[in-house]
Every structure is written in C-alpha cells, then in structure tokens.
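Residues per chain, in single letters:
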Amino acid sequence: MTFLQFVEGPLFYVAAAIFVVGVVYRLIGILRLGGERDLARPNGSAIGGAIFTVLRHFVPRRTFWRGSSFHFVTGYAFHIGLFVLLLLAAPHVAFLQERILGFGWPVMPRWAFVLTAEVAFAGLILLWVRRFVDPVQKLISTSGDYAATILTFLVMLTGCLALQESHVALRATHMVFVDIWLIYFPFSRLIHTFTFFFSRAQTGATYGRRGAKL
C-alpha cells in the first residue's frame with residue numbers, strides 16, 4: 001500500500017468516522033441541554049419564530065448594513081465558494097463516487113473551478129486579515145479561530161496544487177490535510193457549520209413564543 005492509498009483509504013475512513021461521530025455527539029449534547037420551561041402564556045409560535053430567525057439573519061438588516069457589509073460579502077464569498085468547490089469540483093465528485101456514494105453528478109468546468117477558488121480564497125484571506133486589524137475581532141478571536149482558518153487555508157491551497165495532477169505527492173499532501181481537517185472539525189470552532197442553526201432557532205423560538213421577532 002502506497003502512502004497515497006493509505007491517506008485516501010484507511011486514514012480517510014477513520015477521519016470521516018471521527019467527523020461523523022464527533023458532529024453527531026456534539027449535536028446530541030446541544031439537544032440534551034434543553035431549556036427552562038416557560039410557564040407564561042404563549043403570544044406567538046415558537047416554531048414560526050425559529051424558522052423566521054434562521055432565515056431572516058442570513059441577510060443583515062438595513063440599519064446594520066454599514067457595519068456588517070464587509071463581513072457579509074467576504075463571509076458569503078468564502079462559504080459559498082467553499083461549498084461549491086466541495087460539491088462540484090471534478091476531483092471531489094470522482095472521489096465521492098469511487099469511495100463513498102457509488103454515483104456522481106455533473107461537475108463544473110475547469111475555468112469555473114479556478115474562478116470559484118479565487119473567490120473563496122479572497123473571502124477567507126480578507127476575513128483572516130480582519131481578525132488582525134479590527135480591534136473587536138482581534139479581542140474576541142482565540143487560538144482556535146486562527147487554527148481553524150489556517151487549517152482550512154492549507155486544505156484549499158493543497159487542493160488547488162493537487163488539481164494539476166503533476167505529482168502524486170501533491171495529492172497525498174492534500175489528502176493528509178483533509179484527513180486532519182475532518183478529525184479536527186468536531187472539536188473546533190468549525191462545528192459552527194452545524195450549531196449555528198440550533199443557536200439561531202433557539203433564540204428565535206424563545207422570542208417567537210413571546211410574540212416578538214428578531
């Protein structure tokens with residue numbers, strides 16, 4: 001077994017298992033926390049409030065647009081770009097088809113991959129720089145925030161280098177960082193990919209039950 005076969009085979013499956021089990025464990029832990037029973041008479045729908053809050057806060061209110069526009073634009077550039085690359089890049093679709101799902105779907109052309117990668121990189125780097133230059137962001141940022149950003153950046157960078165398929169070592173290096181990223185994910189700030197839905201929904205449900213909207 002070559003090193004590439006190891007990182008794309010056994011190590012990847014172990015990393016993927018840790019990722020899935022870790023995420024499920026964290027989400028179950030959140031759900032088990034529950035909340036204090038509200039004995040007051042409801043003035044609205046908790047479910048409606050949860051759904052409204054989750055959807056409404058994908059776009060900042062006009063009042064806060066000036067202060068949040070940079071984060072909004074760069075954040076969406078990075079997150080949407082990353083998810084498009086994960087789901088539509090030809091090497092990723094081929095890997096999922098061969099290793100996990102057994103089927104594939106249409107992929108983006110190479111020029112679209114390059115453009116999407118540039119947008120995602122720009123968003124990530126600008127968000128990263130903002131942590132250093134913005135006093136508030138700098139104050140609330142932790143080593144975990146920087147570690148997650150650096151690791152994600154390395155995954156993306158090695159992925160772009162591996163796209164050339166000029167050397168097996170480049171693909172192996174990319175897969176090593178992917179495996180590390182999967183293992184690190186459930187125990188890091190990256191878990192917000194899933195938990196932010198719960199946070200927003202809980203807040204929205206509380207206010208929705210009281211007849212207020214956020």
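The rules we used
- Residues numbered from 1 in each chain as written.
- Predicted model: local features only at pLDDT ≥ 70, side-chain atom pairs only at ≥ 80, totals over all residues.
- Heavy atoms only, no water.
- Helix = DSSP H or I, 4+ residues; strand = E, 2+ residues; numbered from the N terminus.
- Buried < 20%, exposed > 50% of the residue type's maximum accessible area, 1.4 Å probe, protein only.
- Contact = heavy atoms within 4.5 Å.
- Areas by Shrake-Rupley, 256 points an atom, 1.4 Å probe, with all protein chains shown as cover.
- Salt bridge = Lys/Arg side-chain N within 4 Å of Asp/Glu carboxyl O.
- Axes fitted to C-alpha atoms, helices over the stretch in contact; angles between N-to-C directions.
- Parallel < 35°, antiparallel > 145°, perpendicular 65-115°, else oblique.
- Expected span 1.5 Å × (residues − 1).
- Core = buried A, V, L, I, M, F, W, Y, C linked by side-chain atoms within 4.5 Å.
- Phe/Tyr/Trp six-rings, centres within 6.5 Å; stacked < 30°, edge-to-face > 60°.
- Lys NZ or Arg CZ within 6 Å of the ring centre and 35° of its normal.

Undergrad: Looking at this model, I keep getting lost on the overall build of the protein chain. Mind explaining?
TA: When its secondary structure is counted, the protein chain shows 10 helices and 0 strands. The order of α-helices and β-strands along the protein chain, N terminus first, is α-α-α-α-α-α-α-α-α-α. Its C-alpha atoms give the protein chain principal-axis dimensions of roughly 65 × 35 × 35 Å. Burial analysis of the protein chain (214 residues in total) assigns 31% to the buried set. Partitioning the intrachain contacts of the protein chain with sequence separation of at least 6 by distance along the chain shows that 72% fall at a separation of at least 24. Working note: accessible area of the protein chain is about 13800 Å², and carbon and sulfur atoms make up 69% of it.

Undergrad: Which parts of the structure should I look at to understand the pattern of salt bridges?
TA: If charged atoms from side chains of opposite charge come close, those side chains can pair. Applying the stated criterion across every chain yields a total of 4 salt bridges. Salt-bridge contacts for R131 lead to D145; the nearest nitrogen and oxygen are separated by 3.9 Å. One end of the pair, R131, is in helix α6 (residues 110-133); the other, D145, is in helix α8 (residues 143-162), and 14 residues separate them in sequence. With a closest N to O distance of 3.0 Å, R189 and D145 form a salt bridge.

Undergrad: Looking at this structure, I do not really get the packing of helix α4 (residues 65-88) against helix α5 (residues 90-101). What am I missing?
TA: Packing of α4 against α5 leaves a shortest axis separation of 5 Å and a crossing angle of 50 degrees. Taken together, the axes of α4 and α5 lie oblique to each other. In this structure, α4 contributes L85, L86, L87 and L88 to the contact, and α5 contributes A90, H92 and V93.

Undergrad: Teacher, can you tell me more about α8 here?
TA: Every α-helical turn comprises 3.6 residues, leaving residues that sit three or four positions apart pointing alike. The first and last C-alpha atoms of α8 sit 28 Å apart over 20 residues, in line with the 28 Å expected at 1.5 Å per residue. Listed in full, the buried residues belonging to α8 are G144, D145, Y146, A148, T149, L151, T152, V155, M156, T158, G159 and A162. Residues of α8 that are buried sit in contact with α4, α6, α7 (135-140) and α9 (168-184).

Undergrad: Would you take a moment to explain the environment of G208 for this structure?
TA: Within the secondary structure layout, G208 lies in helix α10 (residues 192-209). Given a relative accessible area of 6%, G208 falls into the buried group. Separated by 166 residues in the primary sequence, G208 and P42 place their C-alpha atoms 8.7 Å from one another. Residues contacting G208, with those up to four places away along its chain left out, are G44, S45, A46 and G49.

Undergrad: How should the nonpolar core be read in this particular structure?
TA: Soluble, globular proteins show a tendency: their nonpolar side chains are buried together. Counting 19 residues, the largest nonpolar core has V23, M175, W181, L182 and F185 as the members making the most contacts within it. The set of elements that each furnish at least two residues to this core consists of α1 (3-8), α2 (10-33), α8 and α9. Beyond its immediate stretch of four places on either side in the chain, L182 contacts F12, A15, A16 and F19. Grouped together as the second largest cluster of nonpolar side chains are 14 residues, L85, M108, A112 and F113 included.

Undergrad: I'm lost on the packing of aromatic side chains in this one. Help?
TA: Any pair of aromatic rings gets described here by the distance separating the centres and the angle formed by the planes. All chains considered together, the criterion is met by 14 aromatic pairs. Stacked on the ring of F58, the Lys or Arg R200 has its end atom at 5.1 Å from the ring centre.

Undergrad: Explanation requested: α10 in the structure shown.
TA: Look at α10: 25 Å from first C-alpha to last across 18 residues, which is about the 26 Å you get at 1.5 Å a residue. For α10, the set of buried residues is T195, G204, A205 and G208. Next to the buried residues of α10 lie α2 and α3 (46-56). G211 sits one or two positions beyond α10 and adopts a positive phi of about 85 degrees.

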